Amino acid sequence: MDAPASPRLGAGVRLELFSTSFCGACRQTRAVLDRAAALVPGATVVEHDLALEPELGDANVITQSPTTIVRAADGRELLRAAGVPTVPQVLVAVDGALAPSEHPARRRR
């Protein structure tokens, strides 16, 4: 029988939202990322306001808001979505960040 999932399953996974205060789709994206983070213990949502941090937008080659980047704990970019992603899209990207030993479906029995 498999052991219960670790409470730190998504530890280090970052769901980054590059937004602007006047962006309606950014509010929708924030809700999607919050929902995905609620489903992955240990994942964090980080929001960057492009009006306040334009250099961060330039460094990450952000050309529109909202843009979502899902990063593994080691900083690898797993997903880049311009516009509003879906919860399943985000979860599939997070799945790619999990090491086989952390992933419930990949554990040895």
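The numbering scheme is per chain: residues are counted from 1 as the chain's sequence reads. Given that the model is predicted, a residue must reach a pLDDT of at least 70 before its local features are reported, and side-chain atom pairs must reach 80 or more before they are shown or counted; all residues, however, enter totals for whole chains, interfaces and linings. Note: side-chain values were computed over all heavy atoms of the structure, leaving out hydrogens and water.

Engineer: What's the story with the pairing of strand 2 (residues 44–49) in this structure? I'm lost.
Structural biologist: Residues in a regular strand point their side chains to alternate faces of the sheet. When DSSP finds at least two bridges between two strands, those strands are taken to pair. Helix and strand labels come from DSSP, where a helix needs a run of H or I of at least four residues and a strand needs a run of E of at least two; each type is numbered from the N terminus. Of the strand pairs in this sheet, strand 1 (residues 14–19) and strand 2 are connected by six bridges, and their pairing is parallel. Each bridged residue has a counterpart across the sheet, and for Arg14 the counterpart in strand 2 is Thr44. The handedness rule is simple: strands pointing away from the viewer, and a clockwise path from the first strand over the helix to the second, make the crossover right-handed. With helix 1 (residues 24–39) bridging strand 1 and its parallel neighbour strand 2, the resulting β-α-β unit is right-handed.

Engineer: Any chance you could explain the sheet that holds strand 1 here in plain terms?
Structural biologist: Whether parallel or antiparallel, the strands of a sheet pair through hydrogen bonds between backbone atoms. Spatial ordering of the open sheet is given by 2-1-3-4, a layout of four strands whose pairing is mixed. At either end of the open sheet lies a strand with only one pairing partner, and these are strand 2 and strand 4 (77–82). The sheet shows a mean angle of 15 degrees between the axes of neighbouring strands, direction not considered. Contacts are assigned to residue pairs with any non-hydrogen atoms lying within 4.5 Å of each other. Between the N-to-C directions of two axes lies an angle of 0 to 180 degrees, each axis being a line fitted to C-alpha atoms and, for a helix, fitted only over the stretch in contact. Along the sheet, helix 3 (residues 87–97) contacts strand 1, strand 3 (67–71) and strand 4; its crossing angle with strand 4, the most-contacted strand, is approximately 165 degrees.

Engineer: Can you walk me through the state of the cysteines in this structure?
Structural biologist: Covalently bonding the sulfur atom of one cysteine to the sulfur atom of another cysteine gives a disulfide. Any two cysteine sulfur atoms lying within 2.5 Å of each other are counted as a disulfide. Per the stated rule, a full pass over the model turns up one disulfide. What pairs with Cys23 in a disulfide is Cys26, and their sulfur atoms sit 2.3 Å apart. Between Cys23 and Cys26, the S-S torsion sits near 90 degrees, and that sign places the bridge as right-handed. Note on classification: 1.4 Å probe, protein chains only; a residue is buried when its accessible area is under 20% of the maximum for its type, exposed when over 50%, partly exposed between these limits. Here Cys23 falls in the buried class, since its relative accessible area comes to 10%. For Cys26, a relative accessible area of 0% corresponds to the buried category.

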